[in-house]
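Chain residues, written in single-letter form:
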Amino acid sequence: MKKQIFFFLLLIAVILSISSGCMKKQVFSDTPEISYVGLELTYDSARFVRKGILTISYQDGDGDIGLGTGDTFPPYQKNGPYYYNYVITHFEKQNGVFRQVFDSIPFSARIPVLTPNDPNKAIRGFIMDTLILYPPPLHDTIKFEAFIYDRALHKSNVITTPEIILRRK
């Protein structure tokens, strides 16, 4: 009986070592990469757009995406170029040409620290951000551009949403 238990435990150990050896470590660039996933619009009862939920996917090889609440000293100081690590630029189509809109309330945000507590720091996932679109933009066609910075100040690629037409449903 002891021999059977030993062989059973040995078999489990071999299976676990083979399966963990087959699992490949994720390898990504240390410069973050993002992709556009979608933008879902929400309307009020009068059928005016109120907000959009922008979803992007991300991946980063060293997992250094995100800022802590105490990250407010240079280079992450308020009003500095790296205060927001998720930079979103708003454009409206005016006379057939997209022009950047300088909103009083920025769409950019601070992503919290996403670094895993794991020896393999490579990360990937999705970020959903709510963009308040009320009062409605002056023009009915908009788009957004977005990118992220990691803590090493590596800038990701820039994604652009498709044209978004904000007419009543």
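In this text, all values refer to a predicted model and were calculated from it rather than measured experimentally.

Analysis parameters
Residues numbered from 1 in each chain as written. Predicted model: local features only at pLDDT ≥ 70, side-chain atom pairs only at ≥ 80, totals over all residues. Heavy atoms only, no water. Pairing = 2+ DSSP bridges. Helix = DSSP H or I, 4+ residues; strand = E, 2+ residues; numbered from the N terminus. Axes fitted to C-alpha atoms, helices over the stretch in contact; angles between N-to-C directions. Contact = heavy atoms within 4.5 Å. Phe/Tyr/Trp six-rings, centres within 6.5 Å; stacked < 30°, edge-to-face > 60°. Lys NZ or Arg CZ within 6 Å of the ring centre and 35° of its normal. Buried < 20%, exposed > 50% of the residue type's maximum accessible area, 1.4 Å probe, protein only.

Draft legend 1. Local environment of the sheet that holds strand E1 (residues 33-43). Pairing is antiparallel across the open sheet formed by three strands, whose spatial order is E1-E2-E5. Unpaired on one side and paired on the other, E1 and strand E5 (123-132) mark the two borders of the sheet. Taken over all neighbouring pairs, the strand axes of this sheet differ in orientation by 15° on average, direction set aside. When E1 meets strand E2 (residues 49-60), the two strands line up antiparallel, connected through 10 bridges. Note on E2: the bridge partner recorded for Leu41 is Gly52.

Draft legend 2. Spatial organisation of the environment of Ile56. If you trace the backbone, Ile56 turns up in strand E2. The spatial distance from the C-alpha of Ile56 to the C-alpha of Asp129 is 8.7 Å, given a sequence separation of 73 residues. Apart from the residues within four sequence positions on either side, Ile56 is in contact with Ile34, Ser35, Val37, Tyr86, Gly125, Phe126, Ile127 and Ile159.

Draft legend 3. How the structure looks around the packing of aromatic side chains. Summed over the entire model, instances satisfying the criterion amount to four aromatic pairs. Where Tyr82 meets Tyr149, the ring centres are 4.8 Å apart and the plane angle is 75°; that geometry is what we call edge-to-face. Here the residue Tyr82 occupies a position in the loop between E2 and strand E3 (86-94), and Tyr149 occupies one in the loop between strand E6 (141-148) and strand E7 (159-160), the gap between them amounting to 67 residues. Among the aromatic residues, those joined into a cluster by ring pairs are Tyr82, Phe147 and Tyr149. When the ring centre of Phe98 is taken as reference, the NZ or CZ atom of Lys143 above it lies at 4.6 Å.

Draft legend 4. Up close: the pairing of E3. When you tally the buried positions in E3, you get seven out of nine residues, the bulk of the element. As paired strands, E3 and E6 are joined by seven bridges and run antiparallel to one another. By the bridge assignment, Glu92 is partnered in E6 with Ile142. Between E3 and strand E4 (residues 97-101), which pair antiparallel one after the other, the connecting turn spans two residues, and Asn95 there sits at a positive phi close to 55°.

What is shown is where atoms sit, not what they do.
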